[in-house]
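Each chain, letter by letter, is given below.
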Amino acid sequence: MQTETVRPKKRRVLVVDDDAVLSLIFQQLLEACDYEVITAANGALALKQILTQDVDAILCDLRMPELEGDLFYGAVERIKPHLCSRFIFITGAAEDPKYRTFLSQVKSPVLHKPVVSANLLEELRRLL
């Protein structure tokens, strides 16, 4: 009798960044590490994604058009608060006083651009 191998469910990561090239790099890196990846170019599009799909982690830029990362986080906090513990912020603007205050108030990890791939994967493993 043949036994069926049960494959573990791939972890789904939402990448939210307005830099299309960087999003693609993150997507390729994560897919190579066996993650399922969905992308959104800003917080408004990311909100639509989380309303229709479950995600295990959110990699989120702070400075984006339409809905910045801190405001996206606030919206997630209101509609799907359990996802707030699944954020990793990726930014080149961490020293901006607006973002520094926000980042000091949330418990999410922060990676500074340019992001080292090994650091990103380690934070993601730790988060999951």
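Residues numbered from 1 in each chain as written. Predicted model: local features only at pLDDT ≥ 70, side-chain atom pairs only at ≥ 80, totals over all residues. Heavy atoms only, no water.

K.L.:
Before we go on, may I ask you to explain the overall build of the chain in this structure?
P.N.:
Regarding its fold elements, the chain presents five helices and five strands. Counted from the first residue to the last, the chain has its helices and strands arranged as β-α-β-α-β-α-β-α-β-α. At 15 Å, the chain has a C-alpha radius of gyration in line with the 14 Å of a compact globule built from 128 residues. Counting across all 128 residues of the chain, residues that qualify as buried make up 45%. Side chains of the chain give 16 positive and 18 negative charges; the mean places of these two sets differ by 4 Å. (Helix = DSSP H or I, 4+ residues; strand = E, 2+ residues; numbered from the N terminus. Rg over C-alpha atoms; globule rule 2.2 N^0.38 Å. Buried < 20%, exposed > 50% of the residue type's maximum accessible area, 1.4 Å probe, protein only. Lys, Arg positive; Asp, Glu negative; His and termini not counted. Charge placed at Lys NZ, Arg CZ, Asp CG, Glu CD.)

K.L.:
Honestly, the packing of helix α2 (residues 43-52) against helix α3 (residues 69-79) in this entry has me stumped. Any pointers?
P.N.:
Each pair of packed helices can be summarised by the angle the axes make with each other and by the distance between the axes. At their nearest, the axes of α2 and α3 sit 10 Å apart, and the two run at 25° to each other. By the angle between their directions, the pair α2 and α3 is classed as roughly parallel. Both α2 and α3 take part in a crossing whose hand is right-handed. Counted together, Gly43, Ala46, Leu47, Ile50 and Leu51 of α2 and Phe72, Ala75, Val76 and Ile79 of α3 form the full contact between these two elements. Split by residue class, the contact of α2 with α3 holds eight nonpolar, one polar and no charged. (Axes fitted to C-alpha atoms, helices over the stretch in contact; angles between N-to-C directions. Parallel < 35°, antiparallel > 145°, perpendicular 65-115°, else oblique. Left-handed = near helix turned anticlockwise from the far one by under 90°. Contact = heavy atoms within 4.5 Å. Nonpolar A, V, L, I, M, F, W, Y, C, P; charged D, E, K, R; others polar.)

K.L.:
What's the story with the packing of helix α1 (residues 20-32) against helix α5 (residues 117-127) in this structure? I'm lost.
P.N.:
Two elements in contact, α1 and α5, have axes whose closest approach is 11 Å; the angle formed by their N-to-C orientations is 60°. With respect to their mutual orientation, α1 and α5 come out oblique. When you trace α1 past α5, the crossing you get is right-handed. Facing Phe26, Leu29 and Leu30 of α1, the residues of α5 in contact are Ser117, Leu120, Leu121 and Leu124.

K.L.:
Would you mind going over the sheet that holds strand β3 (residues 57-61) with me for this structure?
P.N.:
Neighbouring strands of a sheet are bound in pairs by backbone hydrogen bonds; such pairs are parallel or else antiparallel. The strand order across the open sheet formed by five strands is β2-β1-β3-β4-β5, and the pairing between neighbours is parallel. If you trace the sheet from one side to the other, it starts and ends with β2 (36-40) and β5 (110-112), each paired once. Averaged over all adjacent pairs, the angle separating strand axes in this sheet is 20°, with direction ignored. Pairing between strand β1 (residues 12-16) and β2: five bridges, direction parallel. Pairing of arginine 12 across the sheet is with glutamate 36, part of β2. Lying on the sheet, α5 is in contact with β1, β3, β4 (87-91) and β5; it crosses β4 at an angle near 160°. (Pairing = 2+ DSSP bridges.)

K.L.:
Please clarify how the environment of glutamine 49 should be interpreted in this entry.
P.N.:
One can find glutamine 49 in helix α2. For the pair glutamine 49 and isoleucine 38, spaced eleven residues apart in sequence, the C-alpha to C-alpha distance is 8.2 Å. Among residues more than four places away in sequence, those in contact with glutamine 49 are Leu14, Ile38, Thr39 and Ala40.

K.L.:
What am I meant to see in the pattern of salt bridges here?
P.N.:
Where side chains of opposite charge bring their charged atoms close, a pairing between them can arise. According to the stated counting rule, one finds eleven salt bridges in the structure shown. The salt bridge partner of lysine 9 is aspartate 56, with a shortest N-O separation of 3.7 Å. Of this pair, lysine 9 sits in the segment before β1 while aspartate 56 sits in the loop between α2 and β3, placing them 47 residues apart in sequence. For aspartate 56, a relative accessible area of 14% puts it in the buried group. The partner of aspartate 17 in a salt bridge is lysine 113, with the nearest N and O atoms 3.2 Å apart. Within this pair, whereas aspartate 17 is found in the loop between β1 and α1, its partner lysine 113 is found in the loop between β5 and α5, the two being separated by 96 residues in sequence. (Salt bridge = Lys/Arg side-chain N within 4 Å of Asp/Glu carboxyl O.)

The values are spatial; any link to function lies outside them.
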